[in-house]
Amino acid sequence: QVQLVESGGGLVQAGGSLRLSCAASGRTKSSYVMAWFRQAPGKEREFVAAITWSGGSVDYADSVKGRFTISRDNAKSTVYLQMNSLKPEDTAVYYCAARGVLNSLYHYWGQGTQVTVSS
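Report on the accompanying structure. Note that this is a predicted model, so its numbers are computed, not measured.

Rules behind the numbers
- Residues numbered from 1 in each chain as written.
- Predicted model: local features only at pLDDT ≥ 70, side-chain atom pairs only at ≥ 80, totals over all residues.
- Heavy atoms only, no water.
- Helix = DSSP H or I, 4+ residues; strand = E, 2+ residues; numbered from the N terminus.
- Polar contact = N/O pair within 3.5 Å; in protein donor to acceptor, adjacent residues only side chain to side chain.
- Contact = heavy atoms within 4.5 Å.
- Buried < 20%, exposed > 50% of the residue type's maximum accessible area, 1.4 Å probe, protein only.
- Phe/Tyr/Trp six-rings, centres within 6.5 Å; stacked < 30°, edge-to-face > 60°.
- Lys NZ or Arg CZ within 6 Å of the ring centre and 35° of its normal.
- Salt bridge = Lys/Arg side-chain N within 4 Å of Asp/Glu carboxyl O.

A word on the side chain of R38. Relative to the helices and strands, R38 resides in strand 4 (residues 32-39). Within the local environment of R38, its side chain forms a polar contact with the side chain of D90, the two groups lying 2.9 Å apart. A polar side-chain atom of R38 sits 2.9 Å from a polar atom in the side chain of Y94. Excluding residues that lie within four positions of it along the chain, R38 makes contacts with E44, R45, E46, V48, S63, V64, F68, E89, D90, A92, V93 and Y94.

Below is the structure:
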């Protein structure tokens, strides 16, 4: 089992920045892919960004490219999401997730952290 705990959410004005953290514990593996998803009220959960623990390969949703940066600190078993130039439409609950690199589905999820961007 892998436990994921997010932190760093909050209220910020449009144009501001936040950094989310996801601390992983349990049977974490270097072959895992770590990702951030978000879900806004009344909308489906959507992919935001992903990174591999080992190679540092990253991927972003088009809506956040150039504004968000995903990174990881292997020594701390923590993944970060630096969010800059935030927009009201970024308002959502942000979830951390993990899957094996050979799997297509994310098996492990955190409890989520609320991000609210005011206009």
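Now for the side chain of R67. Tracing the backbone shows R67 in the loop between strand 6 (58-60) and strand 7 (68-73). Under the relative-accessibility criterion, R67 is labelled buried at 11%. Discounting chain neighbours no more than four positions away, the residues touching R67 are Q82, M83, N84, S85, L86, K87 and D90.

Next up on the list: the packing of aromatic side chains. Any aromatic ring pair is given by two values, namely how distant the centres are and how the planes are angled relative to each other. The full count for this structure, using the stated rule, is five aromatic pairs. Note on F37 and F47: the rings are 5.8 Å apart at their centroids and 75 degrees apart in plane angle, and the pair reads as edge-to-face. Here F47 lies in strand 5 (residues 46-52) and F37 lies in strand 4, a separation of 10 residues in the sequence. Here F37 falls in the buried class, since its relative accessible area comes to 12%. Chaining the aromatic ring pairs together yields one cluster made of F37, F47, Y106 and W109. The ring of Y95 is capped by R45, whose NZ or CZ atom sits 4.1 Å from the centre of that ring. Above the face of the W109 ring, R45 is positioned so that its terminal group lies 4.5 Å from the ring centre.

What follows deals with the pattern of salt bridges. Scanning the entire structure with this criterion turns up four salt bridges. R38 is paired through a salt bridge with D90; the nearest N and O atoms lie 2.9 Å apart. With R38 in strand 4 and D90 in the loop between strand 8 (78-83) and strand 9 (92-100), this pair connects stretches of sequence that are 52 residues apart. Neither R38 nor D90 differs from the other in exposure class; each is buried. Of the charged contacts, one joins R67 and D90 as a salt bridge, the two residues approaching to 2.7 Å between their closest N and O atoms. Here the residue R67 occupies a position in the loop between strand 6 and strand 7, and D90 occupies one in the loop between strand 8 and strand 9, the gap between them amounting to 23 residues. Accessibility classification places R67 together with D90 in one group, the buried group.

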